[in-house]
Each structure stands twice: as structure tokens, then as C-alpha cells.
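Summary of the model geometry
So the chains spell out like this:
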Amino acid sequence: MEKLTEFDMAEYLDTEELQKGYLELVAKDGTQEELLRAINAVARARGMTETAKEAGITRDGLYKALAPEANPAFSTVFNILHAIGYTLTPTPIAKTM
């Protein structure tokens, strides 16, 4: 029987265009948990050591902040997003009547 390897989205986010598209899609249609997983994948694709340095936290702190069970502070998420080259832009939600 063949052994399957676990899927890792970070392996497929090898361009800024793919990273941007993935984050935009998850930010628009995903949950908070899915967005943190997407930020984690982009951070890993870009390099956790450099991302942590740019975010002003330790590499271990970055892994902990983006762990599945984590509930990071808004300021931490904000700093990580800036470290990977993104910012938050409030966009009105279309209301259905």
C-alpha cells in the first residue's frame, strides 16, 4: 500500500500572485480559523524565520500565533500580515434585501 503525504498549501503558493489570490479568497469567504490557516500557509511559503523577524516576534511565537488552536491578538495578526506584505482593508458587506 502506498503511503500518502499530507497536503501542504504552502508548497503551492510559490508566487506573490497565488498568495494574494488565496488570501483574498479566504478573507472574503472564509471563517476566522480559515483565514489564520491561510496566513500561516503564506507565511510558511515566504519563510517563517523572515516573517517572524519582520513581524517583530520570535519564530516560535509565530508558529504559536498561527497554530490551529491559537487565538492571537489582533495586533499580532496585523503585524504578521504586514510582515508578509498585506494590510487589512475594511470592505462593506453587500446586504441582501
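Residues numbered from 1 in each chain as written. Predicted model: local features only at pLDDT ≥ 70, side-chain atom pairs only at ≥ 80, totals over all residues. Heavy atoms only, no water.

For Arg-46, the location among the structural elements is in helix α2 (residues 32-46). Apart from the residues within four sequence positions on either side, Arg-46 is in contact with Glu-16, Gln-19, Thr-51, Ile-84 and Tyr-86. Here Gln-19 takes part through its side chain, which lies 2.9 Å from a polar atom of the side chain of Arg-46. (Helix = DSSP H or I, 4+ residues; strand = E, 2+ residues; numbered from the N terminus. Contact = heavy atoms within 4.5 Å. Polar contact = N/O pair within 3.5 Å; in protein donor to acceptor, adjacent residues only side chain to side chain.)

A separate point is the pattern of salt bridges. Throughout the structure, instances matching the rule amount to three salt bridges. A salt bridge links Lys-20 to Glu-24, with the shortest nitrogen-to-oxygen separation between them at 2.7 Å. Residue Lys-20 and its partner Glu-24 are both found in helix α1 (residues 16-29); the two are separated by four residues, about one turn of the helix. The class for Lys-20 is partly exposed, based on a relative accessible area of 41%. With a closest N to O distance of 3.2 Å, Asp-60 and Lys-64 form a salt bridge. Of this pair, Asp-60 and Lys-64 both sit in helix α4 (residues 59-65), four residues apart, which is roughly one turn of the helix. (Salt bridge = Lys/Arg side-chain N within 4 Å of Asp/Glu carboxyl O. Buried < 20%, exposed > 50% of the residue type's maximum accessible area, 1.4 Å probe, protein only.)

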